[in-house]
Amino acid sequence: MAENDLRNLWKLHLVDSQLFEIRNRAAALDPGRKIMAELAPINAKLEAKNAHLKTLHAEQTDSELEQKSIDEKIKKFDKELYSGKVVNPREVAALQKEIQILKDKRGDIDMKLLELWDAMPPVKKDVEAAEALVALKKKELAEFQKKVLITKSQLEAEFKDRSQKRPLLAKEVSPTLLTKYEAIRHKRNANGMAGISKKGTCEECGTNLPTKAIETAKEGRIVTCESCHCILYYTEGIL
């Protein structure tokens, strides 16, 4: 009988509705977008501070290498100057001038190194503060995502449980009605059946249903919503 067939289809629909809802809930799971958005500028700040510190370290290394190179040149010229081999006044003056130029340059590098040594501690402190903020926010994100994974696992378990029930319920529906129902469901990518509310509306799309459609559904005959095309089922007093 059509009425029993509809009743069996309604049972199948309830499971399909639950499966559809579970899929939607799973798709809507938030991986922590708000926290990620908060983390992005903090990470950017940390990267900028690290880049600044790296630049200072590179300048320090370059300056120390240049300092060492100058010291070696000064040592070399001093050796030549006091070796007794250079006696020409002009050559002596040239060496002394070269040594003085190098010493002046060395003095400039010394000043630069002092400035770098003064500049690095505050930058290091900024880096450490930014690292602490990033670590804190990452921990918050990890805890949030852990909860999301638990929810996801629960939804997967629910989906598996409902999916196992579906084949048995589908066997209880006549092939013709089941084919019609599946066609509607797949075309809509949503529910293929809908109940009739106490107000006489389709519970799927909210459309006011004609009295004739409601009466047909009450009689247990197949009728669809003119708006969403779902197969209508009158549950009042039946289930």
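Residues numbered from 1 in each chain as written. Predicted model: local features only at pLDDT ≥ 70, side-chain atom pairs only at ≥ 80, totals over all residues. Heavy atoms only, no water.

## Concerning the overall build of the protein
Inference 1: A count of helices and strands for the protein gives 5 helices and 2 strands.
Inference 2: Along the protein, helices (α) and strands (β) appear in the sequence α-α-α-α-β-α-β when read from the amino end.
Inference 3: Considering only C-alpha atoms, the protein reaches an extent of 125 × 30 × 30 Å along its principal axes.
Inference 4: For the protein, the proportion of its 239 residues judged to be buried stands at 32%.
Inference 5: Accessible surface, the protein as shown: approximately 15800 Å² in total, 55% of it carbon and sulfur. (Helix = DSSP H or I, 4+ residues; strand = E, 2+ residues; numbered from the N terminus. Buried < 20%, exposed > 50% of the residue type's maximum accessible area, 1.4 Å probe, protein only. Areas by Shrake-Rupley, 256 points an atom, 1.4 Å probe, with all protein chains shown as cover.)

## Some details on the packing of aromatic side chains
Inference 1: Tallied over the full model, the rule gives 1 aromatic pair.
Inference 2: Here the aromatic rings of Trp10 and Tyr233 are separated by 5.0 Å at their centres, their planes lie at 25 degrees, and the arrangement is stacked. Taken together, the residues span a long stretch of sequence, with Trp10 in helix 1 (residues 2-27) and Tyr233 in strand 2 (residues 231-233) at a distance of 223 residues. Across the pair, exposure class does not vary: Trp10 and Tyr233 are buried alike. (Phe/Tyr/Trp six-rings, centres within 6.5 Å; stacked < 30°, edge-to-face > 60°.)

## Considering the pattern of salt bridges
Inference 1: Throughout the structure, instances matching the rule amount to 19 salt bridges.
Inference 2: A salt bridge links Asp71 to Arg106; the shortest N-O distance between them is 2.6 Å. Pair noted here: Asp71 is in helix 2 (residues 33-81) and Arg106 is in helix 3 (residues 89-171), with a separation of 35 residues, a long-range link.
Inference 3: Judged by relative accessible area, Asp71 falls into the partly exposed class, the value being 31%.
Inference 4: Among the residues examined, Arg106 registers a relative accessible area of 22% and is labelled partly exposed.
Inference 5: For Arg188, the salt bridge is made with Glu204, and the minimal N-O distance between the two is 3.4 Å. Of this pair, Arg188 sits in helix 4 (residues 175-188) while Glu204 sits in the loop between strand 1 (193-195) and helix 5 (211-218), and the two are 16 residues apart along the sequence.
Inference 6: Classification of Glu204 as partly exposed rests on a relative accessible area of 26%.
Inference 7: Through salt bridges with shared partners, one network takes in Asp16, Arg166, Glu182 and Arg185. (Salt bridge = Lys/Arg side-chain N within 4 Å of Asp/Glu carboxyl O.)

## A word on the packing of helix 2 against helix 3
Inference 1: Across the interface, helix 2 lies against helix 3 with an axial gap of 6 Å and an inter-helix angle of 160 degrees. Taken together, the axes of helix 2 and helix 3 lie roughly antiparallel to each other. You can see that helix 2 and helix 3 cross each other, and the crossing is left-handed.
Inference 2: Here the residues of the contact of helix 2 with helix 3 sort into 28 nonpolar, 9 polar and 21 charged. (Axes fitted to C-alpha atoms, helices over the stretch in contact; angles between N-to-C directions. Parallel < 35°, antiparallel > 145°, perpendicular 65-115°, else oblique. Left-handed = near helix turned anticlockwise from the far one by under 90°. Nonpolar A, V, L, I, M, F, W, Y, C, P; charged D, E, K, R; others polar.)

## Details of the state of the cysteines
Inference 1: Taken as a whole and judged by the stated rule, the model has 0 disulfides.
Inference 2: Take Cys202: it sits in no disulfide, and the sulfur closest to it among the cysteines is that of Cys228, at 3.7 Å.
Inference 3: With no disulfide of its own, Cys230 lies 3.7 Å from the sulfur of Cys228, the closest cysteine sulfur. (Disulfide = S-S within 2.5 Å.)

## Brief notes about helix 5
Inference 1: Every buried residue of helix 5 is accounted for by Ala213, Ile214, Thr216 and Ala217. The buried residues of helix 5 all sit within an arc of 160 degrees when viewed along its axis, so they share a single face. Opposite the buried face of helix 5, by more than 90 degrees, sit the exposed residues Thr211 and Lys212.
Inference 2: Along its buried surface, helix 5 packs onto strand 2.
Inference 3: A positive phi of about 80 degrees marks Gly220, the residue just after helix 5. (Arc of directions from axis to C-beta. Contact = heavy atoms within 4.5 Å.)

## As for the environment of Cys225
Inference 1: Inspection of the secondary structure puts Cys225 in the loop between helix 5 and strand 2.
Inference 2: By relative accessible area, Cys225 is classed as buried at 1%.
Inference 3: Here the alpha-carbon distance between Cys225 and Leu209, two residues 16 residues apart in the chain, equals 7.2 Å.

## Side note on a nonpolar patch on the surface
Inference 1: Where nonpolar side chains cluster on the molecular surface, the patch consists of Met111, Leu114 and Trp117 and spans about 320 Å² of accessible area.
Inference 2: Its place among the elements puts Trp117 in helix 3.
Inference 3: According to the relative accessible area criterion, Trp117 is partly exposed, its value standing at 43%. (Patch = residues over 30% accessible without salt bridge, like charges linked within 9 Å, V, L, I, M, F, W, Y side chains within 5 Å.)

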